[in-house]
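Chain by chain, the residues run as shown.
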Amino acid sequence: MQEQKGKYEGLQHDELGIKVRSNDNPYLSADIQNKILQPRRLSSYFIVLIESGSITYNIDLQDLTLTDGHLLFAMPNQILTPPAKTDHLKYFKLLFDENTLALLPQQFPFLVNPLNAPTIALDSAAKKRVIKVFGILNEILYLDKYETDTEIILAYLNLLLSELNSAYFKNKEHGNILNANLSKFIEFKLVVETSLTEQPSINAIAEKLALSTNSLYRIVKEYAGTSPKDYFINRLMAEAQRELRYSNISIKELAYELGFNDPDYFSRLFKKSTGKSASEFLPRQDLSGE
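Residues numbered from 1 in each chain as written. Predicted model: local features only at pLDDT ≥ 70, side-chain atom pairs only at ≥ 80, totals over all residues. Heavy atoms only, no water.

Participant: Is there a simple way to explain the packing of helix 9 (residues 228–246) against helix 11 (residues 263–274) in this structure?
Facilitator: For any two helices packed against each other, one specifies the inter-axial angle together with the distance between the axes. The geometry of helix 9 relative to helix 11 is characterised by a closest axis approach of 10 Å and an angle of 100° between their N-to-C directions. Relative to helix 11, the element helix 9 lies roughly perpendicular. Residues Ile233, Met237, Ala240, Gln241 and Leu244 of helix 9 touch helix 11, and the partners they reach there are Phe266, Leu269, Phe270, Ser273 and Thr274. Here the residues of the contact of helix 9 with helix 11 are counted per class, giving 7 nonpolar, 3 polar and no charged. (Axes fitted to C-alpha atoms, helices over the stretch in contact; angles between N-to-C directions. Helix = DSSP H or I, 4+ residues; strand = E, 2+ residues; numbered from the N terminus. Parallel < 35°, antiparallel > 145°, perpendicular 65-115°, else oblique. Contact = heavy atoms within 4.5 Å. Nonpolar A, V, L, I, M, F, W, Y, C, P; charged D, E, K, R; others polar.)

Printed below as a string of structure tokens:
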């Protein structure tokens with residue numbers, strides 16, 4: 001505990017990379033509202049809880065509708081298109097960065113979405129607890145007149161993420177978060193995310209995870225429904241679609257940026273994976289909300 005405390009000793013609470021938004025402190029400026037409704041690449045973890053009402057978010061081209069007690073979470077680098085404000089909506093939003101996450105005393109596997117389900121439906125008891133913790137964080141960060149110790153903020157963030165981690169895996173077929181195969185799949189996803197443009201071989205990934213290629217295949221197939229190679233390719237193509245839609249990069253530049261030595265091969269692979277050519281995929285839009 002002393003070692004953990006040393007991580008954030010001396011930090012002021014306004015130096016933490018954490019923000020909460022709610023009905024108590026909404027964005028008021030029309031200019032800001034228009035800006036934040038633009039598609040943008042997330043630089044932090046994003047969580048939104050709907051206390052009452054209904055609203056639809058778009059994450060990486062997928063529409064996700066949230067109603068009472070539903071929660072959505074997204075990782076850094078995903079593309080978020082926020083919805084326009086709706087009437088009679090009660091909500092909490094949370095943003096926190098990797099540095100803040102690193103200050104917490106434990107890991108939260110749900111954040112990498114190992115079960116490919118970016119939404120959580122809270123039961124009534126969990127909803128009440130989560131709303132209380134969101135409310136406390138909101139009060140600490142925005143409503144209190146006096147500055148609160150960083151240690152307290154992190155304690156409540158840790159409590160909130162613990163609740164969500166438990167709810168994410170609850171009643172799932174693979175509900176034991178300590179399951180060895182699930183842990184290895186989470187490690188696999190992290191390796192893919194951190195070495196995406198390096199395009200390591202599946203053999204190299206298996207070796208890094210201390211697994212045989214057959215074991216890695218079985219684990220990825222179990223949780224993702226596809227082979228490790230196809231999973232990696234699908235992740236590359238998802239990143240390519242993000243870039244094509246939301247930046248002005250050329251196809252050739254994008255191919256090199258994603259680790260391809262041959263832009264023509266990249267174009268053929270993109271067409272095979274998406275059914276569309278890279279040049280026609282989607283109209284580009286400006287990420288002015290970043």
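Participant: Got a minute to help me understand the pattern of salt bridges in this structure?
Facilitator: If the charged atoms of two oppositely charged side chains come close together, the side chains can form a pair. Using the criterion set out here, one finds 10 salt bridges in the structure. Across the salt bridge formed by Glu163 and Arg129, the nearest N and O atoms sit 2.5 Å from each other. Residue Glu163 is located in helix 5 (residues 150–169), and its partner Arg129 is located in helix 4 (residues 124–143); the two are separated by 34 residues in the primary sequence. In this structure, Glu187 engages Lys184 in a salt bridge whose closest nitrogen and oxygen atoms are separated by 3.9 Å. Pair noted here: Glu187 and Lys184 are both in helix 6 (residues 180–194), with a separation of 3 residues, about one helical turn. On the basis of relative accessibility, which here comes to 33%, the residue Glu187 falls in the partly exposed class. Since its relative accessible area comes to 23%, Lys184 is described here as partly exposed. (Salt bridge = Lys/Arg side-chain N within 4 Å of Asp/Glu carboxyl O. Buried < 20%, exposed > 50% of the residue type's maximum accessible area, 1.4 Å probe, protein only.)

Participant: In this structure, what is going on with the packing of aromatic side chains? I would like to understand it.
Facilitator: The description of two aromatic rings rests on the distance between their centres and on the angle between their planes. Taken as a whole, this structure holds 14 aromatic pairs when the rule is applied. Between Tyr45 and Phe96 the ring centres are 5.3 Å apart and the planes differ by 20°, which places this aromatic pair in the stacked class. With Tyr45 in strand 3 (residues 45–52) and Phe96 in strand 8 (residues 90–96), this residue pair connects regions lying 51 residues apart in the sequence. Taking the relative accessible area as the measure of exposure, Phe96 reaches 0% and is therefore buried. For the pair Phe46 and Tyr57, a centre-to-centre distance of 5.9 Å together with 50° between the ring planes defines the contact as tilted. With Phe46 in strand 3 and Tyr57 in strand 4 (residues 55–59), the pair connects residues that are 11 residues apart, well separated along the chain. Here the two residues Phe46 and Tyr57 agree in accessibility, since each one is buried. For Lys93, the ring lying beneath its charged end belongs to Tyr91, and the centroid distance is 5.2 Å. (Phe/Tyr/Trp six-rings, centres within 6.5 Å; stacked < 30°, edge-to-face > 60°. Lys NZ or Arg CZ within 6 Å of the ring centre and 35° of its normal.)

Participant: What exactly am I supposed to notice about the sheet that holds strand 2 (residues 40–41) here?
Facilitator: Two pairing modes exist for strands in a sheet, parallel and antiparallel, and in both the strands are linked by backbone hydrogen bonds. Pairing in this open sheet of 4 strands is antiparallel, and the strands run 2-7-4-5 from one edge to the other. The sheet is open, and its two edges are formed by strand 2 and strand 5 (62–66), each paired on a single side. Bridge count for strand 2 against strand 7 (residues 79–81) is 2 bridges, and the pairing is antiparallel. Across the sheet, the residue bridging to Arg40 is Leu80, located in strand 7. (Pairing = 2+ DSSP bridges.)

Participant: Got a minute to help me understand the pairing of strand 8 in this structure?
Facilitator: The side chains of a regular strand alternate between the sheet's two faces. As paired strands, strand 1 (residues 18–22) and strand 8 are joined by 5 bridges and run antiparallel to one another. Following the sheet pairing, Val20 is matched in strand 8 by Leu94. Sheet topology note: the strand 3/strand 8 ladder contains 7 bridges and is antiparallel. Bridge pairing in strand 8 links Phe46 to Leu95.

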